[in-house]
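Residue strings, one per chain:
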Amino acid sequence: RQDLLVVDFEGRLRLYRNEGQGPGHWLGLRLTGSQPGNALAYGARVEVRAGGKRHLREVSPARSYLSSSDPAVHFGLGEAE
């Protein structure tokens, strides 16, 4: 259950807490790049298959102008192990 912090250039920062009570499994990965200049593996694609479903993520911490996100990829798997 990830929380979300939003920083607005023209306003106050906001913290949205995920207080859900449901059970669930998850997988978080922090990748390391092997190419010079790409230590955080930007652009890497990760595929996870769990519970009969296919989950895809791409390491892309840049979201828009002057913003950034955690470079780790996170998969919410629910009941799947």
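Concerning the overall build of the protein
Here is step 1: Scanning the protein from terminus to terminus reveals zero helices and six strands.
Here is step 2: The linear arrangement of helices and strands in the protein, starting from the amino end, is β-β-β-β-β-β.
Here is step 3: For a compact globule of 81 residues, the expected C-alpha radius of gyration is about 12 Å, and the protein comes in at 15 Å, more than 25% above that figure.
Here is step 4: Dimensions along the principal axes, computed over C-alpha positions, put the protein at roughly 45 × 40 × 15 Å.
Here is step 5: When the accessible surface of the protein is split by element, carbon and sulfur atoms take 51% of a total near 6900 Å².
Here is step 6: Taking the average location of the 11 positive side-chain charges in the protein and that of its 9 negative ones, the two points are 3 Å from each other.

A few points about the nonpolar core
Here is step 1: Core analysis: the largest hydrophobic core is formed by eight residues, namely Val46, Val48, Ala50, Val59, Val73, Phe75, Leu77 and Ala80.
Here is step 2: The residues contacting Val46, other than those within four sequence positions of it, are Leu29, Leu31, His55, Leu56, Arg57, Val73 and Phe75.

A short note on the pairing of strand S6 (residues 73-78)
Here is step 1: Residue alternation in S6 divides its side chains into a buried set, Val73, Phe75 and Leu77, and an unburied set, His74, Gly76 and Gly78.
Here is step 2: Sheet topology note: the strand S3 (residues 25-29)/S6 ladder contains five bridges and is antiparallel. The partner of Trp26 across the bridge, within S6, is Gly76.

Some details on a nonpolar patch on the surface
Here is step 1: Taken together, the side chains of Leu5, Val7, Leu13 and Leu15 make up a nonpolar region of the molecular surface, amounting to roughly 430 Å² of accessible area.
Here is step 2: For Leu5, the position within the fold is in strand S1 (residues 4-6).
Here is step 3: For Leu5, a relative accessible area of 52% gives the class exposed.

Let's talk about unusual backbone geometry
Trans peptide bonds make up the majority, and among non-glycine residues the majority have a negative phi.
Here is step 1: With a phi close to 60°, Ala41 is a non-glycine residue in the positive phi region.
Here is step 2: Along the chain, the position of Ala41 falls in the loop between S3 and strand S4 (45-50).
Here is step 3: By relative accessible area, Ala41 is classed as buried at 7%.

Considering the confidence of the model for the protein
Here is step 1: Mean pLDDT for the protein: 86, with 100% of residues reaching 70 or above.
Here is step 2: Within the protein, S4 carries the highest mean pLDDT (95), whereas S1 carries the lowest (85).

Some remarks on the pattern of salt bridges
Here is step 1: Tallied over the full model, the rule gives five salt bridges.
Here is step 2: Two residues, Glu47 and Arg54, come together in a salt bridge whose shortest N-O distance is 3.3 Å.
Here is step 3: The exposure class assigned to Glu47 is partly exposed, which follows from its relative accessible area of 38%.

Conventions we followed
- Residues numbered from 1 in each chain as written.
- Predicted model: local features only at pLDDT ≥ 70, side-chain atom pairs only at ≥ 80, totals over all residues.
- Heavy atoms only, no water.
- Helix = DSSP H or I, 4+ residues; strand = E, 2+ residues; numbered from the N terminus.
- Rg over C-alpha atoms; globule rule 2.2 N^0.38 Å.
- Areas by Shrake-Rupley, 256 points an atom, 1.4 Å probe, with all protein chains shown as cover.
- Lys, Arg positive; Asp, Glu negative; His and termini not counted.
- Charge placed at Lys NZ, Arg CZ, Asp CG, Glu CD.
- Core = buried A, V, L, I, M, F, W, Y, C linked by side-chain atoms within 4.5 Å.
- Buried < 20%, exposed > 50% of the residue type's maximum accessible area, 1.4 Å probe, protein only.
- Contact = heavy atoms within 4.5 Å.
- Pairing = 2+ DSSP bridges.
- Patch = residues over 30% accessible without salt bridge, like charges linked within 9 Å, V, L, I, M, F, W, Y side chains within 5 Å.
- Salt bridge = Lys/Arg side-chain N within 4 Å of Asp/Glu carboxyl O.
- pLDDT = per-residue confidence, 0-100.

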